[in-house]
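Fold and contact review
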Amino acid sequence: MWTQDLSPDQARQVRDLARQARANDGVDPLNEEAYRSLTDQTARHVIFNNNNVAIGYLNYSVRFATGQFVVHPEHRRRGIGTGLWRQLPSSPPVGLWAFGDLPAAQGFAAARGLRPERGLLKMTRPLAALPQADIPPDLVLRTFTATDADELLALNAAAFTHHPEQGQLDQAGLAARLAEPWFDPAGLILAFDADGMVGFHWTKQVDAHTGEVYVIAVAPRAQGRGYGKVLLAAGMSHLATQGLPTVVLYVDTADQTAVRMYERAGFVTVHRDVRYIPIQEQE
Ligand SMILES: CC(C)(COP(=O)(O)OP(=O)(O)OC[C@H]1O[C@@H](n2cnc3c(N)ncnc32)[C@H](O)[C@@H]1OP(=O)(O)O)[C@@H](O)C(=O)NCCC(=O)NCCS
């Protein structure tokens, strides 16, 4: 049932299924990690077929103990979701992502004894009337070069110890992102003080209208000095100079310091993803 190797045709069928669910639900049922895992063997997969067409799909990341699953809109409420979910191990408990936290996911979670464990917000603001932040005299901002990779990874790991996916970014993961067509070194802004790198703001152009605060991090040794605000403002002004009208970002609800920083910078929440976990495992 489980496989780590999907054939190109299976990967295409999963993408087709996700596209049909997205058209129906208005939300993508899978995230970037899941799409990447269709070809790079970083997750396990179960496909539920009907007449050789994928109508249900379960993605299980052993590394993060998370699952993502989707059932074709025309085949829901027939137990396919439950059948897929039952394939997951009960120990260690697997957190199930519900992107958009749609009514169907809430209903499924209630029926199967799951409760929200973690939330991820999508926030947005226009790239106009941007907040200004004065750059402190001891801080130097410049853009990324390949020789900054090691220092950036070390800072990222130190700043995201509480955030499993982001904190575990390694050489290979960084190299994969630097090779993405959207990568632009001018959009990866680094901050240095006399002792080295203290922070970075990695921006991304998502489409012709939208920029993203892809990752923003300040080294633990320099947190609380307002550098986050400075990096946020510098990245947003870079995105604005690209002619983009809007910026979005994704933030963990557990990261209240960051959520407050974004709210003060004029961001509002427009979307919420929730990770569900079995009730008995959490209590
Ligand atoms: C959530 C999802 C995977 C459920 O798949 P499914 O095959 O329809 O689920 P099941 O038929 O096994 O449903 C099991 C139970 O969940 C509950 N449930 C499922 N869909 C529901 C809905 N739309 N509203 C309320 N309860 C719902 C019901 O109690 C259902 O049992 P019942 O049909 O006997 O009443 C499917 O709706 C989907 O693909 N949604 C988009 C992706 C997503 O949100 N994934 C994350 C899930 S946590």
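Bear in mind the structure is a predicted one, so any value in this text is a computation, not a measurement.

A word on the overall build of the protein chain
Helix and strand counts for the protein chain stand at 10 helices and 11 strands. For 283 residues, the compact-globule formula gives about 19 Å, and the C-alpha radius of gyration of the protein chain, at 20 Å, lands near that figure. Viewed in the frame of its principal axes, the protein chain has a C-alpha envelope of about 65 × 35 × 35 Å. For the protein chain, the proportion of its 283 residues judged to be buried stands at 48%. Considering only residue pairs separated by 6 or more positions, the protein chain has 70% of its internal contacts joining residues 24 or more positions apart. When the accessible area of the protein chain is evaluated, it comes to approximately 14000 Å², of which 51% is carbon and sulfur surface. Within the protein chain, the 30 negative side-chain charges are centred at a point lying 6 Å from the centre of the 26 positive side-chain charges.

Details of the pattern of salt bridges
Scanning the entire structure with this criterion turns up 13 salt bridges. For R76, the salt bridge is made with D25, and the minimal N-O distance between the two is 3.0 Å. With a gap of 51 residues between them, R76 in the loop between β3 (66–71) and α3 (80–85) and D25 in helix α1 (residues 8–25) connect regions that are remote in the sequence. Residue classification places R76 among the partly exposed residues on the basis of a relative accessible area of 26%. Residue class for D25 comes out partly exposed when judged on its relative accessible area of 22%. When the shortest N-O distance is used, the salt bridge between D193 and R221 registers 2.9 Å. Of this pair, D193 sits in strand β7 (residues 188–193) while R221 sits in the loop between β9 (210–218) and α8 (227–241), and the two are 28 residues apart along the sequence. Using a relative accessible area of 14% as the deciding quantity, one classes D193 as buried. A single network of salt bridges, built from pairs that share partners, joins D9, R12, D16 and R19.

Some words on the side chain of E212
Within the secondary structure, E212 sits in strand β9. Other than its neighbours up to four places away in sequence, E212 contacts W202, T203, K204, V206, L239, V247, V248 and Y250.

Considering the packing of α1 against helix α2 (residues 32–40)
For the pair α1 and α2, interaxial distance at closest approach is 10 Å and the crossing angle is 160°. The angle between α1 and α2 places the two elements in the roughly antiparallel class. Note on packing geometry: the crossing formed by α1 with α2 is left-handed. Each of A11, V14, R15, A18 and R22 in α1 lies in contact with α2, whose residues at this interface are Y35, L38 and T39. When its residues are assigned to classes, the contact of α1 with α2 shows 5 nonpolar, 1 polar and 2 charged.

Side note on the domain arrangement of the protein chain
Considered domain by domain, the protein chain is made up of domain 1 (8–112) and domain 2 (124–272). Computed from C-alpha coordinates alone, the two centres of domain 1 and domain 2 are separated by 30 Å. Together domain 1 and domain 2 conceal approximately 760 Å² of surface at their shared face, both sides included; 39% is due to carbon and sulfur atoms. Taken together, the links from domain 1 to domain 2 amount to 2 salt bridges. Among the ionic pairs, R177 bridges to E33, the shortest N-O distance being 3.4 Å.

Criteria and thresholds
- Residues numbered from 1 in each chain as written.
- Predicted model: local features only at pLDDT ≥ 70, side-chain atom pairs only at ≥ 80, totals over all residues.
- Heavy atoms only, no water.
- Helix = DSSP H or I, 4+ residues; strand = E, 2+ residues; numbered from the N terminus.
- Rg over C-alpha atoms; globule rule 2.2 N^0.38 Å.
- Buried < 20%, exposed > 50% of the residue type's maximum accessible area, 1.4 Å probe, protein only.
- Contact = heavy atoms within 4.5 Å.
- Areas by Shrake-Rupley, 256 points an atom, 1.4 Å probe, with all protein chains shown as cover.
- Lys, Arg positive; Asp, Glu negative; His and termini not counted.
- Charge placed at Lys NZ, Arg CZ, Asp CG, Glu CD.
- Salt bridge = Lys/Arg side-chain N within 4 Å of Asp/Glu carboxyl O.
- Axes fitted to C-alpha atoms, helices over the stretch in contact; angles between N-to-C directions.
- Parallel < 35°, antiparallel > 145°, perpendicular 65-115°, else oblique.
- Left-handed = near helix turned anticlockwise from the far one by under 90°.
- Nonpolar A, V, L, I, M, F, W, Y, C, P; charged D, E, K, R; others polar.
- Domains from an automatic or database assignment.
- Buried area = accessible area lost by both parts, 1.4 Å probe.

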